[in-house]
Structures are given as C-alpha cells and as structure tokens.
Amino acid sequence: MSVRVRMAPSPTGMLHIGSVRTFLFNWLFARQQGGEVLLRIENTDTSREVEEATEQIQRSLRWLGIDWDGPVRFQLDRMEDAQRFARQLVDEGKAYEDEGAIRFRMPDEGTTGWVDVIRGRVEVPNESIEDLVILRADGRPTYNFANPVDDMLDEITHVIRGQDHISNTPKQLQILHALGAEAPVYAHAPDVLGTDGKKLSKRHGAQSVEDFHREGYIPEALVNFLARLGWAYDDKTEVFTRDELLEHFRLDRVTPSPAVFDYQKLTWLNGVHLRNLTPDEYADRVVQYLREAGLEWDEELVRRAAPLVQEKIERLDHFPDYTRFFFEEVKPAVPLDGAGPVLEQAEAALAAVEPFEAEPIERELRALADRLELKPREAFQPIRIAVTGSKVSPGLFESIELLGKDETLRRLAAARAGAA
RNA sequence: GCCCCCAUCGACUAGCGGCCCAGGUCACAGCCCUUUCAAGGCUGUAGCGCGGGUUCGAAUCCCGCUGGGGGCACCA
C-alpha cells in the first residue's frame, strides 16, 4: 500500500509555525516512503479572505521547500459528497435528524481506540462521546464529518496532525466505521509551546513563516529546527540538511511530549546553515533578502561584500549592520581622541600600497603598528573606526581593499580632521 | 464536572532494566586563539517532579499523587 498523507491548514491567515511543523512531519514521512502529499484547505465557510490566505499558505510552503502533489483541494468541494453520506447514514439508522440538523449516533458502550504511531494505544470510553452534529441545519457538513469523509475519498493512509485533534479521532473513527471505510493510521504530534509553556502565539515573537522569513531566517535552518522539535536522530546530531532529514526521519521516533520553541537555538542553527552555504549561494540569498527588504544597494558590491560577513552573522537581516559603510557615508560612531598620528601614518602607508589588496594592506599596517610600538589591536581599532565608522566590522584589510584606495584615504583624512 | 494526552539540565533531546554517581546541543560562565565582531578549541554550572511497588538491580516496568496541556460547539 502506497503512502498518502495530507496537509490540512485552515485558511485563517498566515501559516503558523506550529502547523508547519506537523506539515513537515507529514512531508518528511511521505516523501521518504515514496508517498504522496496532498494540500487540502479546510474551510467549510467561504470568506473573503480565503483566496488570500490560500495563496499565502502556498507561498510559505514553497519557500520552505515543502511541496505537494496535484492541485490544491478544498473541503468545500466535497460538500455534496458529505451530504450524500449523511443521508445514507440516516437511511441506515446510523444517524438521525435533530432540529433540522443531522446527528451521528455514537455507541453508548464499549470503547473506541487506535494505535497511535507517536503515542501508542489510545482508548476512549464511548459513553463520553456525544452524538455529534455532522450536518448543520443549513446543510453544511461540520468539521468532524467533512474531515473523515475527505480522508476516505482522498484515500489518505496516514493522518499526521496536532495533538489537539486526539479527542476528535474516536469520533472520526466511528464515522469512518459507519461508512464502511478502512481507518487510516493516526499519528498525533505534540504541540509547540512558547517559553511560558503556553501554546506559541503572537506575543512570543515571530510565529508565521513570513515572520521568520522577514527576520532573516533561511528555510534550511527552519526546517532543520522544526524537525528537531520533538524528534531526534541519535544522541548527538543537531545539524541536518534536507536530504539527511529525508534519510533519517522516523515518525515513530517523534516524542509525545510538547516542545518549547527556542528562538536562540533556531538562531544558532540559522548561523550554521548560513555558513554552510557556498559563497555564491550565500551571496544569492543576501541579494534576494535585501531586495525583499527594499534595500536598493548595488548588487555587484553586495556580492563582493557578502563573503566578508558570511562567518559573522546569524541572520540575513544583520547583513546591513555590518556592511552599510560600503554603501553609505559613515561618521565615526566613537570618538577618535589621540588617534591623529595613527590615522595620518595609515593614510601615508596605504597611499603607497600597490596592488591595493588585503595582503599587502595588512603587511603595511602591521609594519606601521610595529613602528609606532602599538599592539595590533591598538593600531587597527582607530583605523577601523575611521574607515567603517564602527568598532565592529568585517575584517579590516579585506574591507579596506573592497572600499578602494581613494575612498579609504578620504575617510582616513576626514576622521583625522575630526580627531584633531 | 467528564474524557484524553504529557512529565530527563533554563531550553531541545539521547536513554527503551545493569554500558548512566545520566550523554549531546542551545543558552550561560571561564580560558585559549585573535585586527574588532564572529567562527573555532578547551573547561565548567546545571536534570531523571513526588510516593509506593516489581526486581539481585529502575531515569527506564506498574500503580497512585502532583503539576502542565488539550478536548467536551449546528468552530476548524
């Protein structure tokens, strides 16, 4: 039997990171099994926002590299099927009318249970389950009816969803049974919590895929991090590429307990993946990010500046902080009292450097420090501040090379004038 | 109130009866490296919720408690 799963977001707005995690589990599991992934938008209401949210969801999934098969489906499309099945259940005495709506007749005795891939055996006493409405008075199916009907019609083999659905599962199992359908395998993934132990929400910070994108996180890191939330391969591996995840992920190794979303660890992981990109790829990401952020900096210069900060930043949105001085006029943010002599000599020394490249530049400046009997850091810091405007910058020599001789000398002179 | 789920360092987790006086990672602290910031290297602080069992032996199995969370809609 070939595997088929479905990702079923409700089109209420941005794609929440918690949903993404369960989608990722669906995707990883199905893809490694050579199975199919369906994208089904679950909303029995037609609202004005649906179209927009649906687009948004797809954009976010594509950005993450989570793909799906076939066209996007909508729960709404199966409304007539649901109505037909509801009527059939009434005819068979398995459901009944109640004030215009149709209720499903739940058994009063015994238990309904299943073997959850993540949790093991789960069992619920039938007497605790009410006869639920499956068709509203206006004819629209309710979620707990539309959902299993869709799963049945779509021939879903594995339902991997959030643990908040655990209490829905026995209901859906009963409906499936009444419909004569074979039950899919269920796996209920744990929740993703905020630092306060409550379900992740706006007040915890970024929560939609868009938010993370905007904050300079890259898909590789987000996917890696999300996969590790509730799952581990062994006792030591933290960093995974997408392919490694596809190779090692195991649904039955997902922990049943909820996990706290640790932004700091995500950020660390983002830095790791940023550093793992090839220089060209890294430059591409930076260019793209800056463009999306609306910063119109010269692309060629951005590409040349990129390698200078690949080792230094953890998030793409930090790029401008390190490289602004290449693109804009800078004023030393720190006083340069007493630095006059160093700056003057640096100016003279650099004026003679040819070719104007990092290596000879470094040689000259180190020689200068020796002459002045200054420690390297003492000599370089004022130069750094004069040239980059900041105490923190990419490598000084590479920066000076990229900035060019004319501009470097100009800044040195300007700073010297200010320091005097 | 009823039903269900969960429980190892601050966080993510490894552990599935002896290999564990509990290992890795993030964060934190110190040291090293060093042109700043990073990266990297080394070291350290820190945990099996509690109480009963079972067993020669329990973080690991069972029961109870406590504490978290979810659900009980003509919402999804």
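These remarks concern the structure in this document. Nothing here was measured: the structure is a model prediction, and the numbers come from that model.

Parameters and conventions
Residues numbered from 1 in each chain as written. Chains lettered and ligands numbered in written order. Predicted model: local features only at pLDDT ≥ 70, side-chain atom pairs only at ≥ 80, totals over all residues. Heavy atoms only, no water. Helix = DSSP H or I, 4+ residues; strand = E, 2+ residues; numbered from the N terminus. Rg over C-alpha atoms; globule rule 2.2 N^0.38 Å. Buried < 20%, exposed > 50% of the residue type's maximum accessible area, 1.4 Å probe, protein only. Lys, Arg positive; Asp, Glu negative; His and termini not counted. Charge placed at Lys NZ, Arg CZ, Asp CG, Glu CD. Pairing = 2+ DSSP bridges. 1 Å grid on protein atoms, 1.4 Å probe; cavity = no way out; pocket = protein on both sides within 12 Å on 5 of 7 lines; lining within 4 Å. Points joined across faces, edges and corners; volume = space filled by probe spheres on them. Nonpolar A, V, L, I, M, F, W, Y, C, P; charged D, E, K, R; others polar. Phe/Tyr/Trp six-rings, centres within 6.5 Å; stacked < 30°, edge-to-face > 60°. Contact = heavy atoms within 4.5 Å. Polar contact = N/O pair within 3.5 Å; in protein donor to acceptor, adjacent residues only side chain to side chain. Salt bridge = Lys/Arg side-chain N within 4 Å of Asp/Glu carboxyl O. Axes fitted to C-alpha atoms, helices over the stretch in contact; angles between N-to-C directions. Parallel < 35°, antiparallel > 145°, perpendicular 65-115°, else oblique. Left-handed = near helix turned anticlockwise from the far one by under 90°. Core = buried A, V, L, I, M, F, W, Y, C linked by side-chain atoms within 4.5 Å.

Describing the overall build of chain A
The helix and strand inventory of chain A stands at 17 helices and twelve strands. Relative to the 2.2 N^0.38 estimate, which gives 22 Å for 420 residues, the radius of gyration of chain A is 30 Å and therefore markedly larger than a compact globule would have. Once the C-alpha set of chain A is aligned to its principal axes, its extents read approximately 100 × 45 × 35 Å. Looking at chain A residue by residue over its 420 residues, the buried ones come to 50%. In chain A, 52 side chains carry a positive charge and 74 a negative one; their mean positions are 2 Å apart.

Some details on the sheet that holds strand E1 (residues 4-7)
Here three strands make up an open sheet; going across it, the order is E1-E2-E3 and the pairing parallel. Among the strands making up the open sheet, the edge pair consists of E1 and strand E3 (73-74). In the sheet, strand E2 (residues 36-41) pairs with E3 via two bridges, with the strands oriented parallel. Bridge pairing in E3 places Ile-41 opposite Phe-74.

So, the layout of surface pockets
A volume near 710 Å³ is recorded for the largest pocket. Along the wall of the largest pocket there are 31 residues; nearest its centre are Ala-8, Gly-18, Ser-19, Asp-164 and His-165. Here the lining of the largest pocket gets six residues from one element, more than from any other, and that element is helix H1 (residues 17-32). A class-by-class count of the residues in the lining of the largest pocket yields twelve nonpolar, twelve polar and seven charged. Roughly 250 Å³ of volume is contained in the second largest pocket. In terms of residue count, the dominant contributor to the lining of the second largest pocket is helix H4 (residues 143-153) (three residues). Partitioning the lining of the second largest pocket into residue classes produces nine nonpolar, one polar and three charged.

Things to note about unusual backbone geometry
A cis amide bond, omega -5°, links Glu-354 with the succeeding residue Pro-355. Considering the arrangement of structural elements, one finds Pro-355 in the loop between helix H13 (340-351) and helix H14 (358-372). The phi dihedral of Glu-99 is positive, around 50°, even though this residue is not glycine. Counting through the fold element by element, Glu-99 comes out in the loop between strand E4 (95-98) and strand E5 (101-104). A relative accessible area of 76% places Glu-99 in the exposed class.

Let's talk about the packing of aromatic side chains
Here a ring pair, both rings aromatic, is described through the centre-centre distance and the interplanar angle of the planes. Scanning the model with the defined rule gives 14 aromatic pairs in all. Centre to centre, the rings of Phe-212 and Phe-261 are 5.6 Å apart; their planes meet at 35°, and the pair counts as tilted. A residue pair is termed long-range when its members are at least 10 positions apart, and Phe-212 in helix H6 (residues 209-214) and Phe-261 in the loop between strand E12 (259-260) and helix H9 (263-276) qualify at 49 residues. Taken together, Phe-25, Trp-231, Tyr-233, Phe-240 and Phe-249 form an aromatic cluster joined through their ring pairs.

Overview of the environment of Arg-121
Among the secondary structure elements, Arg-121 is positioned in strand E7 (residues 120-125). Of the residues examined, Arg-121 reaches a relative accessible area of 52% and is grouped as exposed. For Arg-121, the residues in contact, after removing those within four places along its chain, are Gly-113, Trp-114, Val-115 and Asp-116. At 3.4 Å, the side chain of Arg-121 forms a polar contact with the side chain of Glu-123.

Structural notes on the pattern of salt bridges
All chains considered together, the criterion is met by 35 salt bridges. The salt bridge involving Asp-81 is made with Arg-84; its shortest N-O contact spans 3.0 Å. Of this pair, Asp-81 and Arg-84 are both found in helix H3 (residues 79-91), three residues apart, which corresponds to roughly one turn of the helix. Arg-84 gets classed as partly exposed once you look at its relative accessible area, which sits at 44%. Members of the salt-bridge network, linked through shared partners, are Arg-6, Arg-40, Glu-42, Arg-73, Arg-78, Asp-150, Asp-151 and Asp-154.

Regarding the environment of Gly-110
Along the polypeptide, Gly-110 turns up in the loop between E5 and strand E6 (111-116). Linking Gly-110 and Glu-127, residues 17 residues apart in sequence, is a C-alpha distance of 7.7 Å. For Gly-110, the contacting residues outside a window of four places in its chain are Val-124, Pro-125 and Asn-126.

Structural notes on the sheet that holds E4
Taking strand neighbours across the sheet as the criterion, the three strands line up as E4-E5-E8 in an open arrangement whose pairing is antiparallel. Edge positions in the sheet fall to E4 and strand E8 (133-135), since each of these pairs with one other strand and no more. Across the sheet, the mean angle separating the axes of adjacent strands is 45° when strand polarity is ignored. One ladder, built from four bridges, connects E4 with E5; its direction is antiparallel. Looking at E5, one finds that Ala-95 is bridged to Phe-104.

Points about the packing of H14 against helix H15 (residues 376-388)
Contact pair H14 / H15: the axes reach a minimum separation of 9 Å and the direction vectors enclose 120°. In terms of orientation, H14 lies oblique with respect to H15. In this structure, the crossing between H14 and H15 has a hand that is right-handed. Residues Leu-365, Arg-366 and Ala-369 of H14 pack against Pro-376, Ala-379, Phe-380 and Ile-383 of H15. Of the residues that constitute the contact of H14 with H15, the class distribution is six nonpolar, no polar and one charged.

What to know about the nonpolar core
Of all hydrophobic cores here, the largest spans 100 residues; its most connected members are Phe-261, Phe-319, Leu-365 and Ile-383. Here this core takes nine residues from H1, the largest share from any one element. Beyond its immediate stretch of four places on either side in the chain, Ile-383 contacts Val-342, Leu-343, Ala-346, Leu-365, Leu-396, Ile-400 and Leu-412. Ranked by size, the runner-up nonpolar core spans 18 residues in total, among them Phe-85, Ala-95, Leu-132 and Phe-145.

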